[in-house]
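# Structure at a glance
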Amino acid sequence: MYQYDSYDQQTLNERVAQFRNQTQRYLAGELSDDEFRPLRLQNGLYLQRQAPMFRISVPYGHLASRQLRKLAHLARAYDRGYAHFTTRTNVQFNWPRLEDVPEMLAELASVEMHANQTSGNCIRNITADPFAGVAADEITDPRPWAEILRQWAAYHPEFAFLPRKFKIAFNSAREDRVVLRVYDIGLDLVRNADGELGFRVLAGGGLGRTPILGEEIAPFVAWPHLITYCEAILRVYNRYGRRDNLWKARIKILVRALGAAEFRRQVEEEWRHTKDGPDTLTVEEVERVAAHFAPPPYETLPARDPGFESLLDADKAFAGWVRRNVREHRRPGYASVVLSLKKTGSAPGDIRAEQLDRIADWADRFSFGEARMTHEQNLALADVRQADLHALWLEAREAGLATPNIGLLTDIICCPGGDFCNLANARSIPVADAIQQRFDDLDYLHDIGEIELNISGCMNSCGHHHVGHIGILGVDKNDEEWYQVSIGGCQGNDTTLGKVIGPSFARDEIVGAVERLLDTYVALRHEDERFIDTVRRIGIEPFRERVYENRVHKRKTVHV
Amino acid sequence: MSERIIRNGRVVEDTRQLVTLAPGADPAETAVPAGAVLVPLGVWRARRDELLERARSGELGVWIDAGEDVSLLADDLAALRVIGVHFPRFTDGRGYSTAALLRGRLGYSGELRAFGEVLRDQFNYLTRCGFDVLQPRSGRYDAPALEAACASIADFTEPYQHSASHPQPLFRRARRGTPSPSHP
Ligand code: SF4
């Protein structure tokens, strides 16, 4: 993975010193709350209901073992012994004290980590495929490009006060694993007819109150122009994005107001002036960065390890885990493992300090010292020998990290919600917990099959509910927590926004509503049809009918 | 009346007067005092011929507001020696693009002044985008605080990006790749 050179480290150290000074001046009363707010936000610090919330950036989700250990240390020293992994491959702590944050940043900087631009109206953490470099369907490794763009976006002098937050993602494979169309800029790595590498550029996607899928604004931008093209988009947005209304300030509103064609014209006009300028990438720079992502020293192994094969036959539980949580690898004899952070009884995406230490240890022993965060809030070890899978599974099971539920109903994407987040309308963790408790039976989960259930505590949509096969959104009704349910959303190549099925549900009704959705699916599905495919085939109406039919009866009896 | 401002990293006294346009006022009728002044874009555009000589001498400068289009000044840049950019709120980042366009695209090399809600913690980004004069709101910093604030201009010494202050991005400016000493 990328290792800092002296320039990266110096710049990061300067950032730490800058924020230390800013915090001191704030605590001394020299900076007002309003003046300090964007500074602390751009260093990852929210002031929250319970305590500050501190959000650390994990660029494109890559974590070295020493970084995992540092997170474990921070969890113990400054928090209550755990951390939370988000859908944007950030790590959040919920209990640190403002006074401690400069020191936490210094600790992070010592392992080449930071909390830079994880909040505020600036360019946020850049995401890429968690299986970069190992996925069989990869066109090219996105990580060098993501790292190049990360450096360009870091402390960018022109784009620190945009109208609103700005998120960029790379897709690099035939199967989109980053939900490219929900990003402000989505960069799809492609080759043109001449085999030249470049980017299909999407812009104007975003979830939130007005979910919009990004539109293609350039079919092909050759790789040397990555920075200048992105800069042109950012400049048009910085100058013309709305600043009068927080809810209309994202680039998606600008793109929609202008129309994709006019937006493209303005970007191209801007780009005309900077194209081939100093920001044009050089072969040397790309090669320098790409060298950090060279394949690790793989062994030459047989495609199927005989010991592994016989354990698969002998150990049913192991085989079940392999089926759900282990992915094919490009190299013979290797596999990628997804460690589930979705064990019933712990909040989705939460991880304890001991678990972080254990994962660091497994990364060193089994996966060349690296782990990767996924946007589904799990953690992957990308390069595990088949021969090591059983040993890893035994330890992961003991550590509570081997729940065989990846891609199943209980692999819920869930934001921190009202238990932790100031902006929430409703709690989301208890809803996830209730669903996990109710559907804990593995046979039932396998019968339901692949399904994505996403929960957000408010319209900000951190839990990506719009693109869940089942999406649950916390809404506020007269100061009570209610939940709106949508179905038919989907991520991946055919990313779709879900449709709301009807009036929202009280908290004690929500598990019942999910159950009726699933019953409807079981009753009406064709053989081997996933939930989402059934919804697509028959529409939401049959689901709506059955879900509310029950509810009306219940209400009536109550009111007679 | 004189104000303390920062010019090229140093605190200096400055007497330039800011002329503003009352809502609904006619730019053609707005009084432009004698001496060093900064007049709104609208006044400049309405009375360009009359003000041109004062602009050429540097006595008169033009300021543009956050939402105004800098390209309206493109044909006047040879005459102008002072341009101001107003920051109505420090979180309004449009002025950074205005500066980047003036310095980069339009090749403007005269004084470029940031005024309004201009705070110490943005000095580094402002100067990197090409502002050489920083004028915080009157009264925001006392004399020692303004002296101390100059240090923030140098918050980052080797930025990654190319900008007005760094004609080349880091990857063209430096030989990269020497491992950081922190790395085990
Ligand atoms: S979706 Fe809303 S409640 Fe959930 S984390 Fe985001 S802002 Fe907070």
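Values in this document were obtained by computation on a predicted structure and should not be read as measured data.

Next up on the list: helix H7 (residues 251–258) of chain A. All names here are of chain A. Here H7 has its buried residues at Ile251, Lys252, Ile253, Leu254 and Val255. In this fold, the buried residues of H7 make contact with helix H6 (226–240) and helix H8 (260–274). Looking one or two residues beyond H7, the residue adopting positive phi is Gly259, at roughly 90 degrees.

Moving on, we get to the site of the ligand. Taken together, the residues surrounding the ligand are Cys415, Pro416, Gly417, Cys421, Leu423, Ala424, Ser456, Gly457, Cys458, Asn460, Ser461 and Cys462 of chain A. Class assignment of the residues belonging to the shell around the ligand gives a composition of seven nonpolar, five polar and no charged.

Counting residues at the interface gives 46 residues for chain B, matched by 53 residues for chain A. With both sides pooled, the region where chain B packs onto chain A buries about 4300 Å², and carbon together with sulfur makes up 52% of that total. Counting across the chain B and chain A interface gives seven salt bridges. Salt-bridge contacts for Arg243 of chain A lead to Asp92 of chain B; the nearest nitrogen and oxygen are separated by 3.6 Å. Linking chain B to chain A there are 25 residue pairs in polar contact (both at pLDDT 80 or more). Breaking the side of chain B that touches chain A down by element, the ones donating at least two residues are helix H3 (94–105), helix H4 (123–128) and helix H6 (170–173) of chain B. In terms of residue count, H3 of chain B provides more of the side of chain B that touches chain A than any other element does, six residues in total. Grouping the amino acids of the side of chain B that touches chain A by side-chain chemistry returns 17 nonpolar, 15 polar and 14 charged.

Attention now moves to the side chain of Lys165 of chain A. Residue and element names in this part refer to chain A. Along the chain, Lys165 turns up in the loop between helix H5 (143–153) and strand E6 (168–171). No salt bridge is formed by the buried Lys165; its nearest oppositely charged neighbour, Asp184, is found at 7.8 Å. When residues no more than four places from it in sequence are discounted, the contact partners of Lys165 are Gly120, Asn121, Cys122, Arg124, Asp184, Tyr237 and Arg250.

Time to look at the side chain of Ser486 of chain A. All names here are of chain A. When you line up the elements, Ser486 lands in strand E18 (residues 480–487). For Ser486, a relative accessible area of 6% gives the class buried. The residues touching Ser486, leaving out its near neighbours within four places in the chain, are His465, His469, Ile470, Gly471, Gly498, Lys499, Val500 and Ile501.

Turning to the sheet that holds strand E8 (residues 197–203) of chain A, a few remarks are in order. Residues and elements named next belong to chain A. The strand order E6-E7-E8-E9 describes an open sheet built from four strands, whose pairing is mixed. What marks the edges here is a single partner per strand, and that holds for E6 and strand E9 (215–222). Across the sheet, the mean angle separating the axes of adjacent strands is 25 degrees when strand polarity is ignored. Examined bridge by bridge, E8 and E9 share five bridges and lie antiparallel to one another. Bridge pairing in E9 links Phe199 to Val221.

All names here are of chain A. Checked against the element boundaries, Ala249 lands in the loop between H6 and H7. With a relative accessible area of 1%, Ala249 lands in the buried category. Between the C-alpha atom of Ala249 and that of Arg15, which follows or precedes it by 234 residues, the distance is 27 Å.

What counts and how
- Residues numbered from 1 in each chain as written.
- Chains lettered and ligands numbered in written order.
- Predicted model: local features only at pLDDT ≥ 70, side-chain atom pairs only at ≥ 80, totals over all residues.
- Heavy atoms only, no water.
- Buried < 20%, exposed > 50% of the residue type's maximum accessible area, 1.4 Å probe, protein only.
- Helix = DSSP H or I, 4+ residues; strand = E, 2+ residues; numbered from the N terminus.
- Contact = heavy atoms within 4.5 Å.
- Near = heavy atom within 4 Å.
- Nonpolar A, V, L, I, M, F, W, Y, C, P; charged D, E, K, R; others polar.
- Buried area = accessible area lost by both parts, 1.4 Å probe.
- Salt bridge = Lys/Arg side-chain N within 4 Å of Asp/Glu carboxyl O.
- Polar contact = N/O pair within 3.5 Å; in protein donor to acceptor, adjacent residues only side chain to side chain.
- Lys, Arg positive; Asp, Glu negative; His and termini not counted.
- Pairing = 2+ DSSP bridges.
- Axes fitted to C-alpha atoms, helices over the stretch in contact; angles between N-to-C directions.

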